[in-house]
Amino acid sequence: SITVDQGKLTLKDASGKVLTTSDPIGHGDTGICSTQPGTDITGGDRAGDPTTVADSAACCDYCKATTGCKAWIFGNPGDEEGNCWVMSTVAGTTPSASRTLGGMGSGNGVFLSTKAGKLYGRGSGKGDATKLTATAVNPYVDNTATYVPHYYTTDGYAALGVVNITTGNGKTNNLPARYGTDGSKISWSTEGAFELYLMPAATLDEGTAAYYSLIGAPAVPPRYGFGFIASRWGWENRSYIESVLHQFRDGNYPIDAFITDFGWFTTESDYAYPSEGKDYYHDFNFSNLTFPEPQAQLKEYREKLNFRMGGIRKPRLGNTDLIKFATAQGFILPGGETELGYAEGRNLNYGIKAARDWYAEQQKHYYPDGVSFFWNDEGETDFYTFHWWNVAQLQSLRATSDDTRFYSINRAWSPGMARLGATVWTGDINPSWDDLVNTPGMMLNWGLAGAPYVACDIGGFTGESSADLLTRWYQVGAFIPTMRVHSTKDATPHFPWLWGDAGVNLQAALNLRYQLLPYHYSLAHRMYKTNRLWMRPLVAEYPEDATASVLANQWFDGDLMVAPVLNQDSTKDVYLPKGEWYSFNASGVQQGPKNISGTAEMGEIPVFVRPGAVVPLAPVVQYSGALPGGALEVQVYAGADGSFEFVEDDGETTAYEQGKIRTTTFKWSDASSTLSWSVESGASSLPNAFTEVYVTKFADSTVKSATKALGSSGSIVVSDLVVV
């Protein structure tokens, strides 16, 4: 509950325990000592020499004592000059996790008490991906980074700040709802009207669930989105496209979709275009090189080769006449892409309803033409561009279909987009071991912050990868929400048959991905139903374990604890928390807490399971529409009772939102060594549903049962006589 007395806010949990109190709201310090946590300056004039001080309050005192000081910056850490800089002028501001800006009209302030609470759920960029907690956050979106005005604090509540303006230099990709903590107070510094949502929650899981209940339950992507997606820049022509698709199928490399860059809708990129564009550029067509017969091609790719196609979209226009029209209508955002110096005066403002209506009308033909989804790139033109852009694309889809699931992949995001069906990827990362190491932490931090469906450019985008790096990245990809490769036009595409002997391990990772597909799909339904994250950091389960609670390179994929090899020398770096642990797909237990090191074989993926886990696996199929492909294997790990809700639906439509699903509840009784199940179905016909099941039991040895029909209920007693 929240009470306000004389401007002082008090937040309590259900038992009446005080979680936090505020300074009197509206009476906080907005003068020289007001702060913008997570903010540095881009330049300006110094009022005095830098110095070293104990904390931000002391830095403010130094500013007060310095003639002409109008603003100050406190660094944690500082540098060789010190950690406190005093300024007479400030040229501009920029996000920085290690800096706090004071003074200079820092805006409205809200100050909440904290007992050194740890803050989770900020989002992340490449620089802090391996860290789960934050001390200062300045929300913004950019290539390889998204930060949001949200946190869960171990004080026992979650928070979301909302303002009604966006800011920035050249593009408005910042959201001025900043927060930071010094261990005694959590300070919000905002501009414009400010709303603050506080949600009592005893645990990180409860806090995240409360947050998703506020911003919207994550929609379940279409089933093909849980398979494998191949992307590259450089699909040259129709012949090349069809050659690649056939090589996937002929080589038995499981895959569901491919994504094309610029080449699918136009003949050249627009990066060097002037603000007026080019008169021959096509924004809403198909290229004659890659798709001379788009409807016929896409129909054949889907019906005969079982491929979906996704196309890149840019937030801007390149055609001269369309730019003139949009400018006259007031549909253009000011500025451009400041980082790389392109698209000045060509970016659409999707926040304008009339602009969304126009855009939706221009591109709605793509869906009936056969394009399944869009890959939205370079939309960091405003903090909310990706949100409104997806709203426009959803409008396009609904103009042609009432119930097809909306699906998109986006380079950045804002809280709440997942409820639309929008997923994300981590941007234009490098083919480096550092960026592989960052991948799990980016996924976890973004999930905690509001984007639970995360992909990456497996293998790295910006240059040539290596066989070992690509192999380890594929193995990570098998256990993240969206598995997708991507590469730049001058690099070897990240397709398995192009990587020599490594192709065997790449194919093995794809096979595993498709075995896990119905397991992952069920966990996605659970997340939609309960708002409980599917991919979770170890701190969610082991908050009191000092080692586990800081790990960002291991995570829970449902009941599977994934600890992939991320080192170039193939060394393992695994921590098993307290309790018993099986290796996935193997018998015999190890006792934690325990560290595991040593050299891993190239085909090895360290994954661990606790007793009582129930894990359903499919046979290996070549695409998601080929399910069931045989009997469902239900793995049980002996030593405790367990259960799993196995969910199936039509895989394509929004009917699941009306309860048209089939749920099979599997229950494992350890004492009787029995797996029992019951089926509840709200769907009349599911052609891809499983009809048979068998059990693999892991204990001191591995035992496999006979196959049995699922029916509406049943059970299997697992004998210990047949060992495999």
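Shown above is the structure to which this text applies.
Residues numbered from 1 in each chain as written. Predicted model: local features only at pLDDT ≥ 70, side-chain atom pairs only at ≥ 80, totals over all residues. Heavy atoms only, no water.

Q: Which parts of the structure should I look at to understand the pairing of strand β36 (residues 642-648)?
A: As a general feature of sheets, a regular strand has side chains that alternate between the two faces. Among the seven residues in β36, five count as buried, and that is most of the element. Summarising the sheet, β36 and strand β37 (residues 662-669) pair through seven bridges and their orientation is antiparallel. Within β37, the position partnered with Val647 by the bridge is Thr663. (Buried < 20%, exposed > 50% of the residue type's maximum accessible area, 1.4 Å probe, protein only. Helix = DSSP H or I, 4+ residues; strand = E, 2+ residues; numbered from the N terminus. Pairing = 2+ DSSP bridges.)

Q: Sorry, what's going on with the packing of helix α2 (residues 204-215) against helix α9 (residues 433-449) here?
A: Pairs of packed helices are described in terms of their axes, by the angle between the two and the distance that separates them. With their axes 9 Å apart at the nearest point, α2 and α9 run at an angle of 60° to one another. Judged by the angle between their axes, α2 and α9 are oblique. Only Trp446, Gly447, Leu448 and Ala449 of α9 make contact with α2, whose side of the interface consists of Leu204, Thr208, Tyr211 and Tyr212. When grouped by side-chain class, the residues that make up the contact of α2 with α9 number six nonpolar, two polar and no charged. (Axes fitted to C-alpha atoms, helices over the stretch in contact; angles between N-to-C directions. Parallel < 35°, antiparallel > 145°, perpendicular 65-115°, else oblique. Contact = heavy atoms within 4.5 Å. Nonpolar A, V, L, I, M, F, W, Y, C, P; charged D, E, K, R; others polar.)

Q: Mind showing me how you'd approach the pattern of salt bridges here?
A: Close approach of charged atoms lets side chains of opposite charge pair. Tallied over the full model, the rule gives 33 salt bridges. A salt bridge links Glu652 to Arg308, with the nearest nitrogen and oxygen atoms 2.4 Å apart. Taken together, the residues Glu652 in the loop between β36 and β37 and Arg308 in strand β22 (residues 308-313) connect sequence positions 344 residues apart. Overall, Glu652 belongs to the partly exposed group, its relative accessible area being 24%. A residue is classified by how much of its surface remains accessible, and Arg308, at 13% relative accessible area, is buried. Salt bridges linked by common partners bring Asp270, Lys314, Arg316, Arg346, Asp377, Glu378, Glu380, Arg411 and Asp428 together as one network. (Salt bridge = Lys/Arg side-chain N within 4 Å of Asp/Glu carboxyl O.)

Q: When you look at the pairing of strand β23 (residues 373-376) in this model, what are you seeing that I'm missing?
A: Of the two faces of β23, the one lined by Phe373 and Trp375 and the one lined by Phe374 and Asn376 are each fully buried. Bridge count between β22 and β23: four bridges; the pairing is parallel. Within β23, the position partnered with Gly311 by the bridge is Phe374. Assessed by its sense of winding, the connection that carries the chain from β23 through helix α8 (residues 385-398) to strand β24 (residues 408-410) is right-handed. (Right-handed = clockwise from strand over helix to strand, strands pointing away.)

Q: Help me understand the nonpolar core, please; the structure alone is not making it clear to me.
A: Across soluble globular proteins, nonpolar side chains show a tendency to be buried alongside one another. Ranked by internal contacts, the top residues of the largest apolar core, which has 184 residues, are Phe228, Trp264, Tyr474 and Phe666. Looking at which element gives the most residues to this core, the answer is α9, with eight residues. Ignoring anything within four residues of it in the chain, the contact list for Phe666 reads Val614, Leu632, Val634, Gly642, Ser643, Phe644, Phe646, Leu675, Ser676, Trp677, Val693 and Leu710. Counting 13 residues, the second-largest nonpolar core is a separate cluster that includes Leu538, Phe556, Ile596 and Phe608. (Core = buried A, V, L, I, M, F, W, Y, C linked by side-chain atoms within 4.5 Å.)

Q: Which parts of the structure should I look at to understand the packing of aromatic side chains?
A: Ring pairs (aromatic) are described by centroid distance and by the angle formed between their planes. Tallying each qualifying case throughout the model produces 61 aromatic pairs. Directly above the ring of Phe307 sits Arg249, whose terminal nitrogen or CZ lies 4.5 Å from the centroid. (Phe/Tyr/Trp six-rings, centres within 6.5 Å; stacked < 30°, edge-to-face > 60°. Lys NZ or Arg CZ within 6 Å of the ring centre and 35° of its normal.)

Q: Would you explain unusual backbone geometry in this entry?
A: Glycine aside, negative phi is the norm for most residues, and most peptide bonds take the trans geometry. A cis amide bond links Asn76 to the next residue, Pro77, at an omega of 10°. Topologically, Pro77 is positioned in strand β5 (residues 71-79). Residue Leu627 is joined to Pro628 through a cis peptide bond whose omega torsion reads 10°. By the element assignment, Pro628 lies in the loop between β34 (614-617) and β35 (632-637). Notably, Gln6 is not glycine yet its phi reads approximately 55°, a positive angle. If you trace the backbone, Gln6 turns up in the loop between β1 (2-5) and β2 (8-12).

Q: What is the right way to look at the state of the cysteines in this model?
A: Covalently bonding the sulfur atom of one cysteine to the sulfur atom of another cysteine gives a disulfide. Under the criterion given, the structure shown has three disulfides. With its sulfur 1.8 Å from that of its partner, Cys33 forms a disulfide with Cys60. Here the S-S torsion is close to -90°, and the disulfide linking Cys33 with Cys60 is therefore left-handed. On the criterion of sequence distance, the pair formed by Cys33 in the loop between β3 (18-21) and β4 (35-43) and Cys60 in helix α1 (residues 56-64) is long-range, its members being 27 residues apart. The exposure class assigned to Cys33 is partly exposed, which follows from its relative accessible area of 23%. Residue Cys60 is classed as buried on the basis of its relative accessible area of 1%. Between the sulfur atoms of Cys63 and its disulfide mate Cys69 the distance is 1.9 Å. Its S-S torsion of about -105° marks the bond between Cys63 and Cys69 as left-handed, since a negative value means left-handed. The class for Cys63 is buried, based on a relative accessible area of 2%. Across the protein chain, the disulfide pattern expressed with sequentially numbered bonded cysteines is 1-3, 2-6, 4-5. (Disulfide = S-S within 2.5 Å.)

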